[in-house]
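# Secondary and tertiary structure notes
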Amino acid sequence: MLSSSLRASRARAYATVASSSSANVASINHGQPTSSVTVLVKAGSRYETKPGVAHCLKNFAFKDNEKRSALRTIRETELFGGVLSTSLSREYLALTADFLPGNEAYFVDLLASQITSPRFARHEFQESVAPLVQSESTAAYNDPAVLALDLAHGLAFRNGLGASLFASAGNAVTNEDVKAYASKVFSKDNVAFIGTGVDESLLQKLVGEHFTATGTGAASSPASKYFGGETRIAPSPESHAHGPQTVFIGFGSSSVAPELAILSSYLDPTTSLKWGQSTSPIANLIVPGTTVKSVYLPYSDGTLAGVLIQAHDAAAVKTAAVGVAKAISDVKAGSLTGDSFNVAVAKARFRLASQLEERASQVTALGSKLFGGSQGLLESLPSVLEKTDASAFSKAASTTLSSKATYVAVGDVGSLPYADELGL
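Quick caveat: nothing in here was measured; it's all calculated off a predicted structure. (Residues numbered from 1 in each chain as written. Predicted model: local features only at pLDDT ≥ 70, side-chain atom pairs only at ≥ 80, totals over all residues. Heavy atoms only, no water.)

### Points about the sheet that holds strand β10 (residues 302-311)
For clarity, the cut-off: A pair of strands is considered paired only if DSSP assigns at least 2 bridges between the two. Secondary structure elements are defined from DSSP: runs of H or I of at least 4 residues count as helices, runs of E of at least 2 residues count as strands, and each element is numbered from the N terminus. Convention adopted: a line fitted to C-alpha atoms gives each axis, helices being fitted over their contacting stretch, and angles between N-to-C directions are expressed from 0 to 180 degrees. Contacts: residue pairs with any heavy atoms within 4.5 Å of one another.
If you walk across this open sheet you meet the five strands as β7-β11-β8-β10-β9, and the pairing is mixed. Looking at strand neighbours, the two that pair on one side only are β7 (229-233) and β9 (291-299), the edges of this open sheet. When the angles between neighbouring strand axes are averaged without regard to direction, this sheet yields 15°. With respect to the sheet, helix α9 (residues 258-267) is in contact with β8 (245-253), β9 and β10, its orientation differing from that of β9 by roughly 165°.

This is how it looks when you write it as structure tokens:
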């Protein structure tokens, strides 16, 4: 009985993309027990007009506006049993409401009012937004892994995708800066309403009723260009002095770069079975207490991929880093062929395909269709990888890996290796 219900539910799966008179609308619905609507705005850090302003705008979500106070928003959401959340990436600001089916009208109205009638009260900025931004930035800078990846983006892309996700004390953002940025990004062409577990025709109708855009034009930033580079950060007594020694080794591209998805999967030491042996070339170099995580971050016009190594002992980090550098050098020389190549491709395809089962990834995929007018990146990559043969990969990887590496060391910079010591 359960199996037939699941099959029937999956048979109803569909996704639609449309453009209403007021905003872009998309929905995917396969009879989920809960629904969600996300307002996706091209207002990530790559588009910001001042460093940190996107971070501040994110934390202004669900504050007072012309229709509801923040307290009323919270209380009414609780009465409906809903959950509100926000997230910020380098490309998108997302405001999401998760709720039970049947409450679509209320939550579409609530989300629309966040875009059409924000108040940006000065006292909320000073008493709530600014302290929260500072707290989140401090937490990020105290986490060596988060800090390393944030610095890696700056080295890899400099501007645009290289902009930090976090506001810093050195770039003071004012309430007026946030207002100005919001007026730029809260426009018809820059906003999309994306539903999951919601009928597309209903969502389009509700968006037309509750959302009236105040401007046109989409946010833009310079096309991404990969640079690479090296930086080393020593801990200060009040920051991440007790965190693990951390090194990030990566490469990037100003395109989708399927070869980096394959490389990332090849280097990933994660096993397919709990007690199985990893096929990664660096698996045997990882000493107990060392964590090695494969990183693959695709964007609309760029990619950053690599390996994040952490351990409490700098020597253990160096041992793993030497192995990673050698494996990259071997791949550059054309060593990834045969079954090893096929396994890496299959692993990369599965990883990307499985991401599409997550709501956040579904929203991003539909958003890229709405804003870019083409098949979503996460949706298209598995098929691109399937058509990539070993010869094409070797040629592309050789070109990509011949560029300057992106290398970040956080911790005991006197003991952690330099990039050139690893042959990068």
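### A few points about the packing of helix α4 (residues 104-116) against helix α8 (residues 200-210)
When two helices pack together, you describe them by how their axes are tilted relative to each other and by the distance separating the axes. Applicable threshold: With respect to orientation, any angle under 35 degrees is reported as roughly parallel, any angle over 145 as roughly antiparallel, any angle of 65 to 115 as roughly perpendicular, and every other angle as oblique. Rotating anticlockwise by less than a right angle from the far helix to the near helix defines a left-handed crossing, while the corresponding clockwise rotation defines a right-handed one. Classification used: nonpolar for Ala, Val, Leu, Ile, Met, Phe, Trp, Tyr, Cys and Pro, charged for Asp, Glu, Lys and Arg, polar for all others including Gly.
Viewed as axis vectors pointing N to C, α4 and α8 meet at an angle of 45°, and their least axial separation amounts to 9 Å. Taken together, the axes of α4 and α8 lie oblique to each other. Along this stretch, α4 crosses α8, giving a crossing that reads as right-handed. For the pair α4 and α8, contact is made by E104, A105, V108, D109 and A112 and by L202, L203, L206, V207 and H210, respectively. Looking at side-chain class alone, the contact of α4 with α8 contains seven nonpolar, one polar and two charged residues.

### Section: helix α11 (residues 338-355)
Going by this rule: Expected helix span is taken as 1.5 Å per residue step, with the number of steps being one fewer than the number of residues. Categorising residues by exposure relies on relative accessible area from a 1.4 Å probe, with only protein chains included: less than 20% of the type maximum marks a residue as buried, more than 50% marks it as exposed, and the intermediate range marks it as partly exposed. Our arc is simply the arc of the directions from the helix axis toward the C-beta atoms.
End to end, α11 covers 26 Å across 18 residues, agreeing with the expected 26 Å (1.5 Å per residue, within 8%). Listed in full, the buried residues belonging to α11 are F341, A344, V345, A348, R351 and L352. One side of α11 holds all its buried residues, which, seen down the axis, span an arc of 130°. Set apart from the buried face of α11 by more than 90 degrees, the exposed residues are D339 and F350.

### Comments concerning the environment of S35
Note the threshold: In the analysis that follows, any N or O atom pair within 3.5 Å is treated as a polar contact, provided that within protein one partner can donate a hydrogen and the other can accept it, and provided that, for residues neighboring in sequence, both atoms belong to side chains.
You can see S35 is positioned in strand β3 (residues 35-41). For S35, the residues in contact, after removing those within four places along its chain, are A97, D98, F99, P101, E104, T196, G197, V198 and R359. At a separation of 2.8 Å, a polar atom in the side chain of S35 contacts the main-chain carbonyl oxygen of G197.

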